[in-house]
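# Observations on the three-dimensional arrangement
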Amino acid sequence: MTKVIAMAGKGGTGKTTTSALLLNYLIQRKMTPVLAVDADANANLNELLDLEITATLGEIRKEIKGEIPSGMSRDQFMEMKIHQSLIEESGFDLMVMGQPDGPGCYCAANQYLAMTMDKLAENYKYIIVDNEAGMEHLSRMNLTTIDYLLIISDPSARGILTARRIADITGPLQLDVKERHLIVNRAPDPVPPALQEKIDQAVAEAADMPLAGIISSSDELINQELSGASYLQLPENSKVLEQSFAIFDRIFA
Ligand SMILES: Nc1ncnc2c1ncn2[C@@H]1O[C@H](COP(=O)(O)OP(=O)(O)OP(=O)(O)O)[C@@H](O)[C@H]1O
Ligand SMILES: [Mg+2]
């Protein structure tokens, strides 16, 4: 059974960073094949993986509204196009959603996408969806069961309570979330006891969102981003990998 892992959290808290670290984890633990979906209109997961985007699903959607080659049904054509748009790497494929059609559009093209996604999803053990703050793409892609919702927060009590509210927007979207896990990112190292206390208190108040762990603010990540090298190539002994892998072990083991 394919497991769907989706990211949630306020802008800039580290959803894309966590997606890239998680992909690294799943590959190293041989929990593959993985489909990584960049569901941010301003796609940037590919940059952290040092990959070029070839075609986005937004572009494909436009194509299938037009003429389709003779001898092919529209869903065959859609399926072929989606496969062509995947960036295929060792252990994972990357799919880039691109610009959406606009709010509330459930036109025929989106139905084909949803149908094709069902079939496509079966090829993977895990699907990671890197969302922007909203999570509309998930229902658009027919990914309505989220096995793991990873909620990323900045290291503050207020941030955590905001994270809790963001986690709740899955309700109106009719997403079925099996597990929620909070990850506090960019914390000072070491975490001052007063901050740890605030975090613990906020976690206790924000019901049903256990703390999976804390990732320190990391110069290694900043340097990796600056150099343009893939987050899959972070040195094995780096602290950020150690911390994030311990968190993922807690969630997925
Ligand atoms: N632990 C960390 N240490 C240092 N820098 C970090 C850390 N986590 C994230 N950053 C930096 O913070 C910035 C925002 O991170 P990221 O893009 O992952 O956030 P996001 O939640 O995906 O943002 P958006 O909402 O815009 O998609 C990036 O420049 C990233 O390199
Ligand atoms: Mg992002």
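Structure shown above.
Because the structure is predicted, anything quoted here is derived from the model rather than measured. (Residues numbered from 1 in each chain as written. Chains lettered and ligands numbered in written order. Predicted model: local features only at pLDDT ≥ 70, side-chain atom pairs only at ≥ 80, totals over all residues.)

Turning next to the overall build of the protein chain. Of the regular secondary structure elements, the protein chain holds ten helices and eight strands. Over its C-alpha trace the protein chain gives a radius of gyration of 18 Å, about what one expects of a compact globule, namely 18 Å for 253 residues. Within the protein chain, buried positions represent 39% of all 253 residues. Considering only intrachain contacts with a sequence separation of at least 6, the fraction spanning at least 24 residues in the protein chain is 81%. (Helix = DSSP H or I, 4+ residues; strand = E, 2+ residues; numbered from the N terminus. Rg over C-alpha atoms; globule rule 2.2 N^0.38 Å. Buried ≥ 20, exposed ≤ 12 C-beta atoms within 10 Å, placed from the backbone. Contact = placed C-beta atoms within 7 Å.)

Next up on the list: the site of ligand 1. Surveying the vicinity of ligand 1 reveals 19 residues, the closest of which are Gly11, Gly14, Lys15, Thr16 and Thr17. At the level of elements, helix H1 (15-28), strand S7 (176-187) and helix H9 (219-227) are the ones that each hand at least two residues to the shell around ligand 1. Among the residues making up the shell around ligand 1, the classes are represented as four nonpolar, ten polar and five charged. (Near = placed C-beta within 6 Å. Nonpolar A, V, L, I, M, F, W, Y, C, P; charged D, E, K, R; others polar.)

Moving on: the sheet that holds strand S6 (residues 145-153). Pairing is mixed in the open sheet, where eight strands are placed in the order S3-S4-S2-S5-S1-S6-S7-S8. Two strands close off the open sheet at either side, each with one partner strand: strand S3 (87-89) and strand S8 (211-216). Each strand axis lies, on average, 20° off the axis of its neighbour in the sheet, ignoring direction. When strand S1 (residues 3-8) meets S6, the two strands line up parallel, connected through four bridges. Its bridge partner being in S6, Ala8 is matched across the sheet by Ile151. Running over the sheet, helix H10 (residues 239-252) touches S6, S7 and S8 and is turned about 175° from S8. (Pairing = 2+ DSSP bridges. Axes fitted to C-alpha atoms, helices over the stretch in contact; angles between N-to-C directions.)

This next bit is on the pairing of strand S2 (residues 34-39). Across the six residues of S2, six count as buried, placing the element largely inside the fold. Residue alternation in S2 divides its side chains into two sets, Val34, Ala36 and Asp38 and Leu35, Val37 and Ala39, and both sets are buried. For S2 and strand S4 (residues 92-96), the ladder comprises five bridges, and the chain directions are parallel. Bridging from a neighbouring strand, Leu35 pairs with Asp93 of S4.

Between Thr32 and Pro33 the backbone carries a cis peptide bond, its omega angle lying at 0°. Its place among the elements puts Pro33 in the loop between H1 and S2. In the segment running from Asp189 into Pro190, the intervening peptide bond is cis, with an omega of 0°. Its identity is not glycine, yet Asp50 carries a phi of approximately 55°, on the positive side. Note that Asp50 resides in the loop between helix H2 (45-48) and helix H3 (57-65).

Without other data, these values stay purely geometric and don't point to any function.
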